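# Descriptive structure summary
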Amino acid sequence: MVNTYHDLSYLHLDSSLTQAQSNVSTAELEEAANSTVLNVEGITSPLIIESMELLFNNGLYFLRTRSKDGSEGVAVASERAAYLYPLLKQLIIPYFIGKDARDLEKLLDGVYVYQSNYKLSGLALWCCISWVEASLLDMMGRIIGKPIGDLLGGVIRNEIPIYVASGNRGTTPEEEIEVLQQKVAETGARAVKFKVGGRMSKNADSIQGRSESLIYLTRKTFGDDFTIHADGNGSYDPQVAIEYGKILEEIGAFFYEEPCPFEHLEDTKEVADALHIPLAFGEQETSIRRFRWIIDNDAAQVVQPDLQYNGGFIRNTRVARMAALKGIPVTPHISGGYGYIYMLHFASYIPNIGKFQEDKAGVKVTDYLFTPHMEVKDGVFRAPTAPGLGMDVKVVDKVLRKALVV
């Protein structure tokens, strides 16, 4: 109806920046996954990490890193820091103290095996590591006077179109349409995403008949030229996932996110093989090798790593480089109130970034950390361009002077 899915270049913000190669081998994907990401040529002296501390103020957790030469970097952790901080303080931070921040890529491998951390591998471990990485990138970005994208491949854009999303499952289709209409009116977005299924619900709908009715009503309400995403959050087995996928194809939806439980890789591939609509997948994934399997086996046509769950920018850049070999776009999942800032930086330098990125409610919680404040205008976000993560150093310093040490 709206698109025929024959040419998936529409999934990319700029399809000219990534071209699918024919007959990509597993070895080539592995080579891309192991390629060097970090460029620290502009930092000529050792940058020895002296301290890292987790602080809390104004409802936010901050990880502040200081080096022996007096340099400083600050990252904002997600709300998960409230219960992950013992892991961060006992098994992650001690490894980095005394190390040279310029060796960050090697340090990511080292901390994984430090104190047998690999036995804890998963979202909790990699979230903590991602916050450390972000604070180090912020510090190095401040030193070279450039945003972190210039440390990770080079900034190629600062305007990123967004879609608005609702996490509701308890609304009626009519109520949900009102929610989406309000978000569109506030942002100027030209794309929406809504939830289908009951979330890891073994085929049960959140309200009987809600998902099918909402799919049809969204297209009827927003018209043929509007972009529609649907997110299953692991609600279905392959048979039911395919049934809803065909309804989404009927209304010309943009992509279909995580229809099967996230650990059911073969089920996801079965659904992808049976449908024309692109599947988006990977928000819960924390293994570069499993991402390689997803890409190698065409189990997803949009890859969705989370920049915190999967360990930060460097690891996710490696995922994006594998995906680029096969012409697959990357549309990161966003976690936490500050996660949209990490997404904007990632989108600023990744060639094969997806056409739309998610607008999160956290903007209103953390926009004060930036001068000027962050905002969506005409459906577009501008990535921060100040050094490091782009926060206003004076504002952050003021917040941290009153912060509690966790």
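Conventions used here
Residues numbered from 1 in each chain as written. Predicted model: local features only at pLDDT ≥ 70, side-chain atom pairs only at ≥ 80, totals over all residues. Heavy atoms only, no water. Helix = DSSP H or I, 4+ residues; strand = E, 2+ residues; numbered from the N terminus. Rg over C-alpha atoms; globule rule 2.2 N^0.38 Å. Buried < 20%, exposed > 50% of the residue type's maximum accessible area, 1.4 Å probe, protein only. Contact = heavy atoms within 4.5 Å. Areas by Shrake-Rupley, 256 points an atom, 1.4 Å probe, with all protein chains shown as cover. Lys, Arg positive; Asp, Glu negative; His and termini not counted. Charge placed at Lys NZ, Arg CZ, Asp CG, Glu CD. Axes fitted to C-alpha atoms, helices over the stretch in contact; angles between N-to-C directions. Parallel < 35°, antiparallel > 145°, perpendicular 65-115°, else oblique. Left-handed = near helix turned anticlockwise from the far one by under 90°. Nonpolar A, V, L, I, M, F, W, Y, C, P; charged D, E, K, R; others polar. Salt bridge = Lys/Arg side-chain N within 4 Å of Asp/Glu carboxyl O. Phe/Tyr/Trp six-rings, centres within 6.5 Å; stacked < 30°, edge-to-face > 60°. 1 Å grid on protein atoms, 1.4 Å probe; cavity = no way out; pocket = protein on both sides within 12 Å on 5 of 7 lines; lining within 4 Å. Points joined across faces, edges and corners; volume = space filled by probe spheres on them. Expected span 1.5 Å × (residues − 1). Arc of directions from axis to C-beta. Pairing = 2+ DSSP bridges. UniProt positions renumbered as here; feature names shortened; annotations may be inferred.

A separate point is the overall build of the protein. A tally of helices and strands in the protein yields 13 helices and 13 strands. Against the 2.2 N^0.38 benchmark of 22 Å for 406 residues, the protein shows a C-alpha radius of gyration of 21 Å, consistent with a compact globule. Referenced to the eigenvectors of the C-alpha coordinate spread, the extents of the protein come out at roughly 60 × 45 × 40 Å. Within the protein, the fraction of its 406 residues that count as buried is 58%. Pairs at least 24 apart in sequence give 74% of the contacts found in the protein among residues at least 6 apart. In the structure as shown, the protein presents an accessible area of about 16,400 Å², 48% of it carried by carbon and sulfur atoms. Here the protein holds 40 positive side-chain charges and 52 negative ones, and the gap between their average locations is 6 Å.

When two helices pack together, their arrangement is captured by the angle between the axes and the distance separating the axes. Here helix α1 (residues 26–33) crosses helix α9 (residues 288–296) at 140°, and the two axes come no closer than 10 Å. Judged by the inter-axis angle, α1 sits oblique to α9. α9 is crossed by α1, and the crossing has right-handed handedness. Residue-level contacts link Thr 26, Leu 29, Glu 30 and Ala 33 of α1 to Ile 288, Arg 289, Arg 292, Ile 295 and Asp 296 of α9. By residue class, the composition of the contact of α1 with α9 is four nonpolar, one polar and four charged.

In this structure the tally under the stated criterion is 17 salt bridges. Note that Glu 53 and Arg 64 form a salt bridge whose closest N and O atoms lie 2.5 Å from each other. With Glu 53 in strand β1 (residues 49–57) and Arg 64 in strand β2 (residues 60–67), this pair connects stretches of sequence that are eleven residues apart. Note on Glu 53: relative accessible area 21%, which makes it partly exposed. A salt bridge links Glu 358 to Lys 193, with the nearest nitrogen and oxygen atoms 3.9 Å apart. With Glu 358 in strand β10 (residues 357–359) and Lys 193 in strand β5 (residues 191–195), this pair connects stretches of sequence that are 165 residues apart.

Inspection of the entire model under this criterion finds 15 aromatic pairs. Plain terms: the ring middles of Phe 313 and Tyr 342 are 5.8 Å apart, the flat faces sit at 80° to each other, and that makes the pair edge-to-face. With Phe 313 in helix α10 (residues 313–325) and Tyr 342 in helix α11 (residues 339–349), the pair connects residues that are 29 residues apart, well separated along the chain. Grouping residues by exposure puts Phe 313 and Tyr 342 together as buried.

In this structure, the largest pocket occupies an estimated 740 Å³ of space. In terms of lining, the largest pocket is formed by 33 residues, of which the most central are Lys 183, Asp 359, Lys 360, Ala 361 and Gly 362. Elements that contribute at least two residues to the lining of the largest pocket include exactly β4 (159–165), α5 (173–187), β5, β10 and α12 (363–366). For the lining of the largest pocket, the element with the most residues is α5, which contributes three residues.

This part covers helix α6 (residues 210–222). With 13 residues, α6 should reach 18 Å at 1.5 Å per residue; the first-to-last C-alpha distance of 18 Å fits that figure. All of the buried residues in α6 are Arg 210, Ser 211, Leu 214, Ile 215, Thr 218, Arg 219 and Phe 222. Each buried residue of α6 lies within a common arc of 155° when the element is viewed along its axis, so the set occupies one face. Where α6 is buried, its residues meet α5, β5, β6 (227–231) and α7 (238–250). Gly 223 sits one or two residues past α6 and shows a positive phi near 90°.

Strand order across the open sheet formed by four strands is β3-β2-β1-β13, with antiparallel pairing between neighbours. The two strands at the open ends of the sheet, each matched to only one other strand, are β3 (72–77) and β13 (404–405). As paired strands, β1 and β2 are joined by eight bridges and run antiparallel to one another. Bridged to Phe 56 within β2 is Tyr 61. With respect to the sheet, helix α4 (residues 123–144) is in contact with β1, β2 and β3, its orientation differing from that of β3 by roughly 145°.

Take the environment of Pro 372 next. Position of Pro 372 relative to the elements: it lies in the loop between α12 and β11 (376–377). Residue classification places Pro 372 among the exposed residues on the basis of a relative accessible area of 67%. With 19 residues separating them in the primary sequence, Pro 372 and Met 391 have C-alpha atoms 9.6 Å apart.

For α1, the set of buried residues is Leu 29, Ala 32 and Ala 33. Along the axis of α1, the buried residues cluster in a sector spanning 100°; they form a single face. The exposed residues of α1 that point more than 90 degrees off its buried face are Ala 27 and Glu 31. Against α9 and α10 lie the buried residues of α1.

We now examine the UniProt feature "domain: Mandelate racemase/muconate lactonizing enzyme C-terminal" (unreviewed entry) in the protein. Mapped onto the present numbering, the UniProt feature "domain: Mandelate racemase/muconate lactonizing enzyme C-terminal" (unreviewed entry) falls on residues 173–278. Taken end to end, residues 173–278 has its terminal C-alpha atoms 24 Å apart, with 48% of it in helix and 12% in strand.

Our next topic: the environment of Ile 215. Position of Ile 215 relative to the elements: it lies in helix α6. In this structure the C-alpha to C-alpha distance between Ile 215 and Val 196, which are 19 residues apart in sequence, comes to 8.4 Å. With near-sequence residues (within four places) excluded, Ile 215 lies in contact with Phe 194, Val 196, Tyr 244, Ile 247, Leu 248 and Ile 251.

What follows covers empty space enclosed by the protein. The rolling of a water-molecule-sized probe over the atoms marks out the regions of remaining empty space. The final tally for this structure, using the stated rule, is one cavity of 30 Å³ or more. Empty space within the largest cavity amounts to approximately 40 Å³. Around the largest cavity sit Asp 306, Leu 307, Gln 308, Pro 332, His 333, Ile 334, Ser 335, Gly 339, Tyr 342 and Met 343, which together line it. Within the lining of the largest cavity, the residues separate by chemical class into five nonpolar, four polar and one charged.

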